[in-house]
Amino acid sequence: MHLEKPKVHFTNNDLLNPTNPVTINLIGAGGTGSQVLTALARMNHALTELNHAGLSVRLWDDDLITEPNLGRQLFAESELGLHKSVVLINRINRFFGTNWKAETRKFEKDDLGRIQNNMQSAIYISCVDIVKSRFEIAEILNELKEGRRLYRNQCKYWMDFGNSRYSGQVLLSTIGNINQPNSEKYETVANLPFVTEEFGELLKQSELEDDTPSCSLAEALEKQDLYINSTLAQMGSSLLWNLFRNGMTENRGFFLNLKNFQSKPIKL
């Protein structure tokens with residue numbers, strides 16, 4: 001009887017044995033992004049303890065901290081009016097002794113349609129709540145992919161976080177093909193499609209729902225439950241951690257429903 005080999009994706013070797021810290025562009029410093037940043041700081045500490053070069057993170061967000069951000073996002077009253085990205089990065093750098101960077105601008109092309117400085121990295125993590133932003137990120141990554149031979153630090157993975165009130169999903173994509181080793185035991189998968197390619201129509205439909213800014217925490221909680229962001233952040237970061245620790249994955253993400261406490265992996 002012929003048994004199907006399990007599908008796996010082997011992590012790009014440059015992430016497993018780097019000579020320099022693995023660069024990450026984290027896009028969005030809100031409910032999910034602020035929690036992902038803390039998870040990345042813990043991951044960086046753990047990796048360096050294991051003699052890995054660790055992570056170097058750049059956080060992109062042009063938002064200022066407002067009243068509705070207190071409580072659901074990781075901000076204090078004394079930080080009202082400051083840039084989210086600067087506050088969070090300063091906090092992480094002071095606590096963990098890192099030298100990570102903040103950008104007080106959106107992750108998008110400039111007014112002349114050019115890719116901005118500092119947009120090149122090995123990994124991209126998007127925690128944005130506007131669908132248009134995801135398509136803009138996809139366009140930038142496709143451009144960077146075309147010209148990536150010019151860069152020492154080639155872009156390899158994109159992890160997208162998205163959620164509604166009680167549910168959400170995380171999806172891992174490759175930026176182009178990642179060379180896979182020969183394997184008798186597994187069927188290797190070199191390319192994981194972008195969220196915009198695979199779920200583009202669903203994303204566009206979801207944009208028709210109201211996503212206007214909330215004027216209070218109470219109003220914000222009508223749109224997103226208190227713990228959906230932090231739960232997604234922990235589970236998504238665990239997927240990334242497993243890429244580093246196990247060097248392979250059979251799952252490229254998951255769907256999560258906090259209302260009934262169900263989680264479903266997205267297989268390769």
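Residues numbered from 1 in each chain as written. Predicted model: local features only at pLDDT ≥ 70, side-chain atom pairs only at ≥ 80, totals over all residues. Heavy atoms only, no water.

In the annotation of an unreviewed UniProt entry, the chain is listed under the name PRTRC system ThiF family protein and assigned to Chryseobacterium gotjawalense.

Moving on to the confidence of the model for the chain. For the chain, the mean per-residue pLDDT works out to 89, and 89% of the residues sit at or above 70. Contacts for the low-pLDDT stretch residues 212-217, under 50 throughout, to residues beyond four places or in other chains number 13 contacts. (pLDDT = per-residue confidence, 0-100. Contact = heavy atoms within 4.5 Å.)

On a regular strand, one side chain projects to one face of the sheet and the next to the other, so that they alternate. With 6 of its 8 residues buried, strand β7 (residues 167-174) lies for the most part within the structure. Summarising the sheet, strand β6 (residues 157-163) and β7 pair through 7 bridges and their orientation is antiparallel. Pairing of Asn163 across the sheet is with Gly168, part of β7. Here β6 folds back onto β7, and the loop between the two strands holds 3 residues. Alignment of β7 against strand β10 (residues 251-257), held across 5 bridges, turns out to be antiparallel. Bridge assignment links Gln169 to a residue of β10, and that residue is Phe255. (Buried < 20%, exposed > 50% of the residue type's maximum accessible area, 1.4 Å probe, protein only. Helix = DSSP H or I, 4+ residues; strand = E, 2+ residues; numbered from the N terminus. Pairing = 2+ DSSP bridges.)

The first and last C-alpha atoms of helix α3 (residues 84-96) sit 18 Å apart over 13 residues, in line with the 18 Å expected at 1.5 Å per residue. Looking only at α3, the buried set comprises Lys84, Ser85, Val87, Leu88, Ile89, Ile92 and Asn93. Where α3 terminates, the next one or two residues include Gly97, which has phi positive at roughly 75°. (Expected span 1.5 Å × (residues − 1).)

This part takes up the nonpolar core. One finds Leu40, Leu55, Ile123 and Ile125 to be the most contacted residues of the largest nonpolar core, which totals 44 residues. Apart from the residues within four sequence positions on either side, Ile125 is in contact with Ile24, Asn25, Leu26, Ile27, Val36, Leu40, Met159, Phe161 and Leu240. Counting residues in each nonpolar core, the second largest holds 20 residues, with Val128, Leu141, Leu171 and Val195 among its members. (Core = buried A, V, L, I, M, F, W, Y, C linked by side-chain atoms within 4.5 Å.)

Moving on to the packing of helix α2 (residues 33-49) against helix α8 (residues 228-246). At a minimum axis separation of 9 Å, α2 and α8 run at an interaxial angle of 30°. The angle between α2 and α8 places the two elements in the roughly parallel class. As for how α2 packs across α8, the hand of that crossing is right-handed. From α2, Gln35, Val36, Ala39, Leu40, Arg42, Met43, Ala46 and Leu47 reach across to α8, where they touch Ser230, Ala233, Gln234, Ser237, Leu240, Trp241 and Phe244. Tallied by class, residues from the contact of α2 with α8 come to 10 nonpolar, 4 polar and 1 charged. (Axes fitted to C-alpha atoms, helices over the stretch in contact; angles between N-to-C directions. Parallel < 35°, antiparallel > 145°, perpendicular 65-115°, else oblique. Left-handed = near helix turned anticlockwise from the far one by under 90°. Nonpolar A, V, L, I, M, F, W, Y, C, P; charged D, E, K, R; others polar.)

This part covers the sheet that holds strand β8 (residues 187-188). One open sheet holds the 3 strands; their spatial order is β8-β1-β9, and the pairing between them is mixed. Two strands in the sheet have a free side with no partner beyond their single neighbour: β8 and β9 (248-249). Examined bridge by bridge, strand β1 (residues 7-10) and β9 share 2 bridges and lie antiparallel to one another. In the sheet register, His9 faces β9, and the bridge partner there is Thr249.

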